[in-house]
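# Close look at the chain arrangement
Single-letter residue listing:
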Amino acid sequence: MHFRLDQLGKNLLRDFFVLVGAAETEVEVPPGDAQRIDIWHVPDPELLRAHPEIQPGLLRSMAAEAGMVEVFSAAPDAAEFHACMRKRYQWHHMLELRAERVLDLPSAWLVSAGRPDGMLRDFGFVQDAAGPEGLYAAPAPGWRIQVVVISELPRVRSTVLLRLLGSPRVRRAALRDLAALPEEAWERRVALPWLVRLSFEVPDQLLPGLPSEERDFIMETREWYEQWNARRMKEAEERWQLQMTARLCAIRLGRPLTEAETATLAERLDRLREDRVGEVVLSSSAEALAAWLSDPNAT
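The present account deals with the structure reproduced in this document. The shown structure was predicted, so the numbers you read here are calculated from the model rather than taken from an experiment.

### What to know about the packing of helix 7 (residues 168–179) against helix 8 (residues 186–200)
- Packing of helix 7 against helix 8 brings their axes to within 11 Å, and their N-to-C directions diverge by 130°. Looking at the two axes, helix 7 sits oblique to helix 8. For the element pair helix 7 and helix 8, the recorded crossing hand is left-handed. Facing helix 7, whose interface residues are L175, L178 and A179, helix 8 presents E187, R188, A191 and L195.

Structure follows, in structure tokens:
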């Protein structure tokens, strides 16, 4: 399960970074293919400006400059921290060779589901005064390293995608927060395909063998998707019904409906239902139908 959750995290973050620049996962660090960066991203300032709906906050800060992101489903230790730094320095060296000039050291973000107490203590990380709770900075800014402890992030909209990468308890809360967002929310567009894939790629016969919290998260994700899909189908059916009824009204009236009449018709279909509205439209003269559409108390 950790492999699937790690892939979920990489895919979610990559698709977010793609909204505001270029990004890829599993970037090979020369020489050889033993080392790979989880996510490498390079922002596009124009794309950042073109997405004001992405609220100021942790994700937008992460996307503001080129950098690497490493995702951990368990708290990293000192050895894993050193491995990340080794990858960063080798990657930086390769970028300079390609550019044939000195480049700024890319930023490094370590995103951890749990709190890596030993690593934070041994390397002197402190709570970032300019960031939210759960964001830790290296003791000197020149290191350009920050650690995100997902379990400590505030439960606000600007952290919802990151919280989907946390522990089962944190993920389930984030899923509920995601479901509460507006249908057109950009976070939904990014997260929905990967959440659905995660929940349905586990065969039903394997669900009983999963830890209860993992199983509950998958089942809750499935339930959310099924409810969302049913609601989407219902809305599509209602739009189709309104279009067909409005067209029939236009034929009876001999003219297109006004915006106000279309809004009234939608309200009548919702309140009186299709059979009653159809009866009125088919049995009324043009004058009677126009009066029915303009009467706020009509039934």
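### Quick word on a nonpolar patch on the surface
- Taken together, the side chains of L248, I251 and L282 make up a nonpolar region of the molecular surface, amounting to roughly 300 Å² of accessible area.
- Relative to the helices and strands, L282 is located in helix 10 (residues 259–283).

### As for helix 11 (residues 286–294)
- Restricting attention to buried positions, one finds in helix 11 the residues L289, W292 and L293. When helix 11 is viewed along its axis, its buried side chains cluster within an angular range of 95° and face the same direction. What points out from helix 11, more than 90 degrees from its buried face, is the exposed set E287 and S294.

### Thoughts on the pattern of salt bridges
- Overall, the coordinates contain 18 salt bridges when judged by the stated rule.
- Among the salt bridges present, the one from D122 reaches R121, with a minimum N-O distance of 3.3 Å.
- For the salt bridge of R276 with E279, the shortest nitrogen-to-oxygen distance reads 3.5 Å. Residue R276 and its partner E279 are located together in helix 10, separated by three residues, close to a single helical turn.
- Judged by relative accessible area, E279 falls into the partly exposed class, the value being 47%.

### Focus: the side chain of R14
- Tracing the backbone through its elements, the reader meets R14 in helix 1 (residues 2–19).
- Looking at R14, the relative accessible area reads 19%, which means it is buried.
- Apart from residues lying up to four places away in sequence, R14 is in contact with A23, E24, T25, I39 and W194.

### Quick word on the packing of aromatic side chains
- Under the defined criterion, the tally for this structure stands at five aromatic pairs.
- Taking 5.2 Å as the distance between ring centres and 55° as the angle between the ring planes, the aromatic pair formed by F16 and F17 counts as tilted.
- Summarising the aromatic geometry, the rings of F16 and W186 are spaced 5.6 Å apart at their centres and angled 35° between planes, so their arrangement reads as tilted. Of the two residues, F16 sits in helix 1 while W186 sits in helix 8, which places them 170 residues apart along the sequence. By the burial criterion, F16 is buried, and W186 matches it.

### Some words on the pairing of strand 4 (residues 107–112)
- With respect to burial, strand 4 is a largely interior element, six of its six residues being buried.
- Burial of the side chains of strand 4 extends over both faces: S107, W109 and V111 are buried on one face and A108, L110 and S112 on the other.
- Summarising the sheet, strand 3 (residues 67–72) and strand 4 pair through six bridges and their orientation is parallel. Counted as the bridge partner of V69 is W109 from strand 4.
- For the segment spanning strand 3, helix 4 (residues 78–99) and strand 4, crossover handedness is right-handed.
- Where strand 4 meets strand 7 (residues 145–149), five bridges bridge the pair, whose relative direction is parallel. Paired with A108 across the two strands is I145, which belongs to strand 7.

The rules behind the values
Residues numbered from 1 in each chain as written. Predicted model: local features only at pLDDT ≥ 70, side-chain atom pairs only at ≥ 80, totals over all residues. Heavy atoms only, no water. Axes fitted to C-alpha atoms, helices over the stretch in contact; angles between N-to-C directions. Helix = DSSP H or I, 4+ residues; strand = E, 2+ residues; numbered from the N terminus. Parallel < 35°, antiparallel > 145°, perpendicular 65-115°, else oblique. Left-handed = near helix turned anticlockwise from the far one by under 90°. Contact = heavy atoms within 4.5 Å. Patch = residues over 30% accessible without salt bridge, like charges linked within 9 Å, V, L, I, M, F, W, Y side chains within 5 Å. Areas by Shrake-Rupley, 256 points an atom, 1.4 Å probe, with all protein chains shown as cover. Salt bridge = Lys/Arg side-chain N within 4 Å of Asp/Glu carboxyl O. Buried < 20%, exposed > 50% of the residue type's maximum accessible area, 1.4 Å probe, protein only. Arc of directions from axis to C-beta. Phe/Tyr/Trp six-rings, centres within 6.5 Å; stacked < 30°, edge-to-face > 60°. Pairing = 2+ DSSP bridges. Right-handed = clockwise from strand over helix to strand, strands pointing away.

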